[in-house]
Amino acid sequence: MAKLEIVQADITTLAVDAIVNAANAQLRGGGGVDGAIHRAAGPQLLAACRAIGGCPTGDARLTPGFDLPARYVIHAVGPVWRGGGQGEAELLTSCYRRCMALAAQNGLRTLAFSAISCGVYGYPLEEAARIAVNTVTQSLQDTPSLELLQFCCFGAEVTRAYESALRGRRAPAAS
Ligand code: AR6
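Along each chain, the written sequence defines residue order, and numbers are assigned to residues from 1. Whole-chain, interface and lining totals are the exception, using all residues; otherwise, since this is a predicted model, local features are given only for residues with pLDDT of at least 70 and side-chain atom pairs are given and counted only at 80 or more. As a convention, hydrogens and water are excluded, and side-chain values are obtained from all of the structure's heavy atoms.

Engineer: Just to check I follow, could you spell out the side chain of threonine 110 for this structure?
Structural biologist: Here a helix means four or more residues in a row that DSSP labels H or I, a strand means two or more in a row labelled E, and each is numbered from the N terminus. Topologically, threonine 110 is positioned in strand β5 (residues 110–113). Within 3.5 Å is the distance limit for a polar contact, defined as a pair of N or O atoms, with the added protein rule that one can donate a hydrogen and the other accept it, and that residues adjacent in sequence qualify only through two side-chain atoms. A polar atom in the side chain of threonine 110 sits 2.8 Å from the backbone nitrogen of aspartate 17. Residue contacts are counted whenever heavy atoms from the two residues lie within 4.5 Å of one another. Non-local contacts of threonine 110, meaning those with residues more than four positions away in its chain, are made with Val16, Asp17, Ala18, Leu146 and Leu148.

Engineer: Could you clarify how one ought to interpret the site of the ligand in this entry?
Structural biologist: Neighbouring residues are identified by heavy atoms, a residue being near a molecule or strand if any of them is within 4 Å of it. Looking at the ligand, there are 22 residues lining it, with Asn24, Gly31, Asp34, Ser117 and Gly119 nearest. Note that an oxygen atom of the ligand is positioned 2.8 Å from one of the backbone N or O atoms of glycine 31. Between an oxygen atom of the ligand and a main-chain N or O atom of serine 117, the distance comes to 2.8 Å. Here the ligand, which alone exposes 700 Å², has 89% of that area covered by the protein. Among the elements that line the shell around the ligand, the one with the most residues is helix α1 (residues 32–41), at four residues. Each accessible area is a Shrake-Rupley estimate made with a 1.4 Å probe; only the visible protein chains count as cover when residues are assessed.

Engineer: Which parts of the structure should I look at to understand the side chain of threonine 135?
Structural biologist: Turning to its location among the elements, threonine 135 is positioned in helix α4 (residues 125–139). The exposure class of threonine 135 is buried, given its relative accessible area of 8%. With near-sequence residues (within four places) excluded, threonine 135 lies in contact with Thr93, Tyr96 and Arg97. Burial classes: relative accessible area under 20% of the type maximum marks a residue as buried, over 50% as exposed, and values in between as partly exposed (1.4 Å probe, protein chains only).

Engineer: Would you mind showing me how to read the nonpolar core here?
Structural biologist: Nonpolar side chains tend to gather and get buried jointly when the protein is soluble and globular. Nine residue types can take part in a nonpolar core, namely buried Ala, Val, Leu, Ile, Met, Phe, Trp, Tyr and Cys, and a core is a set of them joined through side-chain atoms within 4.5 Å. Among the nonpolar cores identified, the biggest contains 37 residues, and Ile74, Leu111, Phe113, Leu149, Phe151 and Tyr162 are the most heavily contacted of them. Those elements that place two or more of their residues in this core are β2 (18–23), β4 (72–77), α3 (88–105), β5, α4, β6 (148–153) and α5 (156–167). In this structure phenylalanine 151 touches Leu4, Glu5, Ile6, Val7, Phe113, Ala132, Val133, Val136 and Tyr162, once residues within four positions along its chain are discounted. Core analysis: the next-biggest nonpolar cluster, separate from the first, contains 19 residues, Leu14, Ala41, Cys49 and Val73 among them.

Nothing here speaks to function; it is all geometry.
Rendered as structure tokens:
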């Protein structure tokens, strides 16, 4: 079972098999972590995203990492927070599940997640951290290749939310 870890860092510096980007449905790049990843990966990343075309909310797509230290980028499209009654929790859960499925399919050993939807998309941080930690925990048994999973937190507030979610995490369902 993979080790779960919280790191406070710029995700573009992490030399893992894949980093998870908080992308938009057009996969066109943008601000926040998406902008930072595109800047660090170089223009080939945008070309690869254009070739894919787009990605529905709640899903994810894998590209190479190009100039990044990470081999791959998994572009996950989180929901915009609209008060919680628009299926946001299901869509965010689906993002984490799809990223874990891509990690399994590609035999990834190390993976770092950004805090999907927790920036301009406005998802409440504590709740998003709980979903991230619990969904990933539930998926670990189906991702046998994974040795290390990092939650990459940008700033102390995000780190605190993940620490609290990790302390309260639900054990995986018995198989
Ligand atoms: N490394 C790690 N985390 C970061 C970094 C970084 N370099 N920079 C920001 N974060 P956001 P979203 C954190 O807004 O809410 C983009 O324009 C940040 O502090 O990047 O899913 C896309 O194109 C926050 O905790 O993503 C979409 O249009 C987390 O990353 C839209 O924003 C996510 O914040 C997606 O919005």
